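Results of the structural survey
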Amino acid sequence: MPIIALMYLLCFLDRGNIGNAKLDGLMTQLKLDGNQYNIALTLFFISFSIFDCPANYIIQFVPPSRWLPGTMILWGLIMMLMGFVKNYPQLAGVRFCLGIAESGYYAGITYYLTMWYPKYMLQRRFAIFLGAATSAGAFSGILAYGINFMNGDGGYQGWSWIFILEGIATVVVGCVALLIMVDYPSTAKFLTPNERQCIVQRREFSEVDEEGDLAAQVRAAITDWQVWAMCIVQLSITVPLYGITYFLPTIINNFGYSTSASQLLSAPPYVFGVIVLLVVAYFSDKTQLRSPFIFATQAIAILGFIINITDAPYGVKYFGTYLCVAGPYTGGAGSIIWLANNLEGKCKRAIGMAIVICMGNLGGAVASNIFRSQDAPRYFLGLGIEIMFLAMGMIAVPIIALTYRRINARKDTLERQAEVDGGEVLDAKKGSFRYTL
């Protein structure tokens, strides 16, 4: 867990540090005007979404201990190159390439965790992993504040050093990960045969994990209603998540704070977000429920955005940013694990999660274009769209949960009828499976 959490911290740091670079002179030196900054953000999500599903299919054949660190080293090199761009076309091209390189990590590591942990211990582990991403928002502001003191060193402005130094750190950690990461429990050399067997048995996923035609499982994922239903939920979370990630320093700056103060003040909301994420994950696993916690975090987020769209004092609005960060980051962890708990078959689970993550990242493309410079300082359009997507998710979550409940009740009825009749109604391998609510 420590190494993959550190890897994802750097992944999200590299993805989102452009928001800090924007305040440190990126816009001025590259002469970005109009929506060019927003388009550069969007290109990342376009390439990420295109290559997300193929990347999570590749991990079925390439060992995770090679694939995941390899993609990290690649995106670290690309991040370093971003520090040397001289104009808008170069920035746009590098952002597009960064999306390709990072596409193999998030979905891949999510699938990787499902192969190690039982379904009701999974969200706590995933929260530690995703907490690294939330922490990245805090580190990003603090690092940007410190790195800005290097402004002018070597002939490069502060925003260039943000990309270069954080890219170097990513490459170094990727090389370390190549040496220490392991693959799956069944092949982990540091485990005894009994320990390997115990971990596999405790995972509690269906026995079809190890069986079946891969092509059939891919088709099953693509045609499964719950995959597409969860796409709606994930989209409702990622639009506000990426919106606040990329524009929080700018929003705080419009409260009247200086650039340096804005960088520092963007850190505390993420610290609060990590705490909420870990607490919610603990109780979600303890109660073996997902939907109530996802719904609650969406409600927290929508309250934060409503506060910021009103004419409240800046101090109250800053408090609202805490809710804007905590809600989407916590809800995003819950929705992915909810789907992972309810997909049978390891390949189907990998493809299903990749589809949902792919669609969710299209929310990043939306979020990149709704906080327009001409809407400053109130950003009515951006905040209003965030509220709309959260409301959409708050409608979808109860509908999905009720559908799962009805399917479980139908299975219970069939099992009871089978016991009365003395026969078997359900497939023996799937009969005990129940959807997590």
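1. Focus: the overall build of the protein
- Counting its regular elements, the protein contains 17 helices and 0 strands.
- Computed over its C-alpha atoms, the radius of gyration of the protein comes to 22 Å, within 12% of the 22 Å expected for a compact globule of 437 residues.
- With the C-alpha coordinates aligned to their principal axes, the bounding extent of the protein is approximately 80 × 50 × 30 Å.
- Within the protein, the proportion of its 437 residues that are buried is 58%.
- Taking the contacts inside the protein whose residues are at least 6 apart along the sequence as the reference set, 81% of them involve residues at least 24 apart.
- Accessible surface, the protein as shown: approximately 17000 Å² in total, 67% of it carbon and sulfur.
- Side-chain charges in the protein split into 30 positive and 27 negative, and the spacing between the mean points of these groups amounts to 2 Å.

2. Topic: the packing of helix α15 (residues 314-342) against helix α16 (residues 346-367)
- Between α15 and α16, the shortest axis-to-axis distance is 9 Å and the interhelical angle comes to 155°. In terms of orientation, α15 and α16 fall into the roughly antiparallel class. The handedness of the crossing between α15 and α16 comes out as right-handed. Two secondary-structure elements touch here, α15 through I336, L339 and A340 and α16 through R349, G352, M353, V356 and I357.
- For the contact of α15 with α16, a count of residues per class yields 6 nonpolar, 1 polar and 1 charged.

3. Quick notes on helix α4 (residues 64-82)
- The end-to-end C-alpha separation of α4 is 27 Å, in line with the 27 Å expected for 19 residues at 1.5 Å each.
- For α4, the complete set of buried residues consists of P64, S65, L68, P69, T71, M72, I73, W75, G76, I78, M79 and M82.
- On the buried face of α4, the contacting elements are α1 (2-16), α5 (88-102), α6 (106-114) and α8 (158-180).

4. Let's talk about the environment of G25
- Position of G25 among the secondary structure elements: in helix α2 (residues 18-29).
- Once residues within four sequence positions are removed from consideration, G25 is found in contact with Q157 and W159.

5. A closer look at empty space enclosed by the protein
- Enumeration according to the criterion identifies 4 cavities of 30 Å³ or more in this entry.
- Roughly 150 Å³ of volume is contained in the largest cavity.
- Residue lining of the largest cavity: 15 residues in total, with Y106, Q234, T238, L241 and Y242 positioned closest to the centre.
- Elements supplying a minimum of two residues to the lining of the largest cavity: α1, α11 (225-253), α15 and α16.
- Counting residues per element, the lining of the largest cavity draws most heavily on α11, at 4 residues.

6. A word on the environment of F139
- As for its position among the elements, F139 is in helix α7 (residues 122-147).
- Accessibility expressed as a relative area gives 42% for F139, which makes it partly exposed.
- Between the C-alpha atom of F139 and that of I3, which follows or precedes it by 136 residues, the distance is 17 Å.

7. Thoughts on the packing of aromatic side chains
- Per the stated rule, a full pass over the model turns up 19 aromatic pairs.
- Measuring from ring centre to ring centre gives 6.2 Å for Y37 and F247, while their planes differ by 80°; the resulting arrangement is edge-to-face. With Y37 in helix α3 (residues 36-58) and F247 in helix α11, this pair connects stretches of sequence that are 210 residues apart. Side by side, Y37 and F247 carry an identical accessibility label, which is buried.
- With a centroid separation of 5.5 Å and 70° between ring planes, the pair formed by W75 and Y105 is classed as edge-to-face.

The rules behind these values
- Residues numbered from 1 in each chain as written.
- Predicted model: local features only at pLDDT ≥ 70, side-chain atom pairs only at ≥ 80, totals over all residues.
- Heavy atoms only, no water.
- Helix = DSSP H or I, 4+ residues; strand = E, 2+ residues; numbered from the N terminus.
- Rg over C-alpha atoms; globule rule 2.2 N^0.38 Å.
- Buried < 20%, exposed > 50% of the residue type's maximum accessible area, 1.4 Å probe, protein only.
- Contact = heavy atoms within 4.5 Å.
- Areas by Shrake-Rupley, 256 points an atom, 1.4 Å probe, with all protein chains shown as cover.
- Lys, Arg positive; Asp, Glu negative; His and termini not counted.
- Charge placed at Lys NZ, Arg CZ, Asp CG, Glu CD.
- Axes fitted to C-alpha atoms, helices over the stretch in contact; angles between N-to-C directions.
- Parallel < 35°, antiparallel > 145°, perpendicular 65-115°, else oblique.
- Left-handed = near helix turned anticlockwise from the far one by under 90°.
- Nonpolar A, V, L, I, M, F, W, Y, C, P; charged D, E, K, R; others polar.
- Expected span 1.5 Å × (residues − 1).
- 1 Å grid on protein atoms, 1.4 Å probe; cavity = no way out; pocket = protein on both sides within 12 Å on 5 of 7 lines; lining within 4 Å.
- Points joined across faces, edges and corners; volume = space filled by probe spheres on them.
- Phe/Tyr/Trp six-rings, centres within 6.5 Å; stacked < 30°, edge-to-face > 60°.

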